[in-house]
Amino acid sequence: MNEEIGCYCDSGESFMSCCEPCISGTHPASTAVALMRSRYSAFYLGNSGYLLKSWHSTTRPSRVNINPDQDWISLKILSTSSGQVGDQSGEVEFVARYKIAGRGVRLQELSRFVFEQEHWFYVDGDHRQ
């Protein structure tokens with residue numbers, strides 16, 4: 001991948017320095033927000049393997065269905081609670097936007113994360129209106 005490609009998670013960094021190291025497994029996410037961003041990029045890229053790997057074992061589904069017709073548009077982090085280096089858990093509220101069949105969709109969620117075995121994991125989330 002080209003170093004100049006902006007990251008899909010809208011961090012303002014390049015993909016190669018932002019989410020790619022998490023997705024490729026070369027550098028795990030250091031915070032809950034970093035994991036949230038990398039999971040958004042994985043949805044953008046259709047990488048269900050990473051989504052499953054970064055999902056906590058107690059809530060992980062047997063598979064993630066990626067809809068190839070979804071066109072992911074943007075991610076905006078609204079708030080965070082804990083989830084920093086040294087924390088054992090954290091929450092991230094975000095809005096993700098995508099289009100499907102030309103129709104815009106807004107997904108807002110308060111996601112919960114835990115830090116175990118030197119890795120952050122997505123646990124679950126509550127959809128918001």
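Residues numbered from 1 in each chain as written. Predicted model: local features only at pLDDT ≥ 70, side-chain atom pairs only at ≥ 80, totals over all residues. Heavy atoms only, no water.

1. Considering the nonpolar core
C9, C19 and F113 are the most contacted members of the largest nonpolar core, which totals 30 residues. Elements represented by at least two residues in this core include exactly α1 (20-24), α2 (32-45), α3 (48-53), β1 (70-82), β2 (89-100), β3 (103-116) and β4 (119-128). Dropping the residues within four chain positions of it, C19 is found in contact with C7, C9, R37, S38 and S41. (Core = buried A, V, L, I, M, F, W, Y, C linked by side-chain atoms within 4.5 Å. Buried < 20%, exposed > 50% of the residue type's maximum accessible area, 1.4 Å probe, protein only. Helix = DSSP H or I, 4+ residues; strand = E, 2+ residues; numbered from the N terminus. Contact = heavy atoms within 4.5 Å.)

2. Here we look at the sheet that holds β2
One open sheet accounts for four strands, arranged β1-β2-β3-β4; its pairing is antiparallel. Two strands lie at the open edges of the sheet, namely β1 and β4, each paired on one side alone. Strand-to-strand twist of the sheet, defined as the mean angle between neighbouring strand axes without regard to direction, takes the value 30°. Packing of α2 onto the sheet brings it into contact with β1, β2, β3 and β4, and relative to β1 it is tilted by some 170°. (Pairing = 2+ DSSP bridges. Axes fitted to C-alpha atoms, helices over the stretch in contact; angles between N-to-C directions.)

3. Looking at the packing of aromatic side chains
Centre distance and the angle of the planes are the two values used to describe a pair of aromatic rings. Counted by the stated rule, this structure contains eight aromatic pairs. Plain terms: the ring middles of Y8 and F15 are 5.0 Å apart, the flat faces sit at 55° to each other, and that makes the pair tilted. Pair check on accessibility: Y8 and F15 agree, each one buried. Residues Y8 and Y44 carry aromatic rings whose centres are separated by 4.2 Å and whose planes lie at 20° to one another, so their mutual orientation is stacked. Here the residue Y8 occupies a position in the segment before α1, and Y44 occupies one in helix α2, the gap between them amounting to 36 residues. Using a relative accessible area of 14% as the deciding quantity, one classes Y8 as buried. The class of Y44 is partly exposed, set by a relative accessible area of 37%. Taken together through their ring pairs, the aromatic side chains of Y40, F43, W72 and Y98 make up a single cluster. (Phe/Tyr/Trp six-rings, centres within 6.5 Å; stacked < 30°, edge-to-face > 60°.)

That's the geometry; what it means functionally is another story.
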